[in-house]
Amino acid sequence: MTAGSPLPRLAIFLFIAACAYPFAASAQTVTLAPAIVVAGSPEIVHISAPEAKSIEGEWLGRKLEFFPARDHRTWIALAGVDVEASAAASSLQIHIHLTNNTTRDLTQAIEIHPAHYRTGVLTVSPKFVEPGPDELKVIAADSEIKAKVFATSAAEPLWSGNFRAPVHSPPTDSFGTRRTFNGKLASIHKGMDFRAPMGTVVHATNSGTVVLARPLYYEGNCVVIDHGLGLSTLSMHFSRIDVHEGQHVTTGDALGLSGATGRVTGPHLHWAVRWQGAYLDPAKLLRLNLDGVH
Ligand SMILES: [Zn+2]
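Predicted model, so just to flag it, every value in this text is computed and none were measured.

Novice: Whenever I open this one, the overall build of the protein chain confuses me. Can you help?
Specialist: Looking only at helices and strands, the protein chain has three helices and 21 strands in total. Considering the protein chain as a whole, with its 294 residues, one finds that 44% of them fall into the buried category. Residue pairs in contact within the protein chain that sit at least 24 positions apart in sequence constitute 67% of those at least 6 positions apart. Just so you have it, the protein chain exposes about 14500 Å², and 58% of that area is on carbon and sulfur atoms.

Novice: Before we go on, may I ask you to explain the coordination of the zinc ion in this structure?
Specialist: For a metal bound by four donors in tetrahedral geometry, the ideal donor-metal-donor angle is 109.5 degrees, whereas six donors in octahedral geometry ideally sit at 90 or 180 degrees. Surrounding the zinc ion are the protein donor atoms His-189 (NE2), Asp-193 (OD) and His-270 (ND1), which sit 2.0 to 2.2 Å from the metal. Read in sequence order, the donor residues coordinating the zinc ion give the pattern H-x3-D-x76-H. Of the two residues, Asp-193 is situated in strand β13 (residues 192-194) and His-270 in strand β20 (residues 269-275); the sequence distance between them amounts to 77 residues. The buried category is assigned to Asp-193, whose relative accessible area is 11%.

Novice: Mind showing me how you'd approach the pattern of salt bridges here?
Specialist: Two side chains carrying opposite charge are able to pair once their charged atoms lie near each other. Taken as a whole and judged by the stated rule, the model has six salt bridges. Taking the shortest distance from any N to any O, the salt bridge between Glu-245 and Arg-214 comes out at 3.0 Å. In this pair, Glu-245 sits in the loop between β17 (231-241) and β18 (248-249) while Arg-214 sits in strand β15 (residues 208-216), placing the two residues 31 residues apart along the sequence. You can call Glu-245 partly exposed: its relative accessible area is 34%.

Basis of the calculations
- Residues numbered from 1 in each chain as written.
- Predicted model: local features only at pLDDT ≥ 70, side-chain atom pairs only at ≥ 80, totals over all residues.
- Heavy atoms only, no water.
- Helix = DSSP H or I, 4+ residues; strand = E, 2+ residues; numbered from the N terminus.
- Buried < 20%, exposed > 50% of the residue type's maximum accessible area, 1.4 Å probe, protein only.
- Contact = heavy atoms within 4.5 Å.
- Areas by Shrake-Rupley, 256 points an atom, 1.4 Å probe, with all protein chains shown as cover.
- Donors = N, O, S within 2.8 Å, 3.2 Å for Na, K, Ca; no water.
- Salt bridge = Lys/Arg side-chain N within 4 Å of Asp/Glu carboxyl O.

The structure is reproduced here in structure tokens:
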């Protein structure tokens, strides 16, 4: 076969086409961090789509809210899988609306891997395990307050950069623990406990708006910060609250002093991360690299 005959030219064309095809096909790509998804995992969903106008997403019945990252080439959603989610295949639905008025479906199958959480036994005051009629009224009123607080969230991300630990005290590896209180009540621990001595200053873990700052029955003196797009952080059992509802805070601002109010076995700080009703592992949120993202 001589050079210039049709066959090598066809081969060259096919080679170039094969090389070019993956780039054309991957004009928009989806990546999740962390890459291995487990129950309780917060996830940053990155979509490389410079030519996107808007992106719609849904995962496990929750709506993903994408916003353009600082580089204007990537779109980001901060999402996650609830601690109680079962290990199974899931569908991450993504529809990209492009500037040329076409739509691309980037729906992916995502495997939820099992998380291995421990079990624990605790003893608290009996009024927290078998509340009386008066206490049940307080608990019901608290539920209404919380439902109202969690019903709304800022329409844009209020956080900026990485989340930082609320106290300098050592954390415990207690997220997701299946707990039995006084041999009766079983519940899942949906936050992270820090061994904060009474009176330790508790800081805002990122910027946002204080949407709740008041005493509640189980949570004790509680502060909830809305970080926007359905993401909030909750700090509980304060001895003193130093912020008010409606106040804007930035990373590191003092929220109050840790204590032992509410359902506790002793002084500590309980810190929880909530996204659209899902409770996520705070330790993993602290490890997410969000610098330069927003
Ligand atoms: Zn706790």
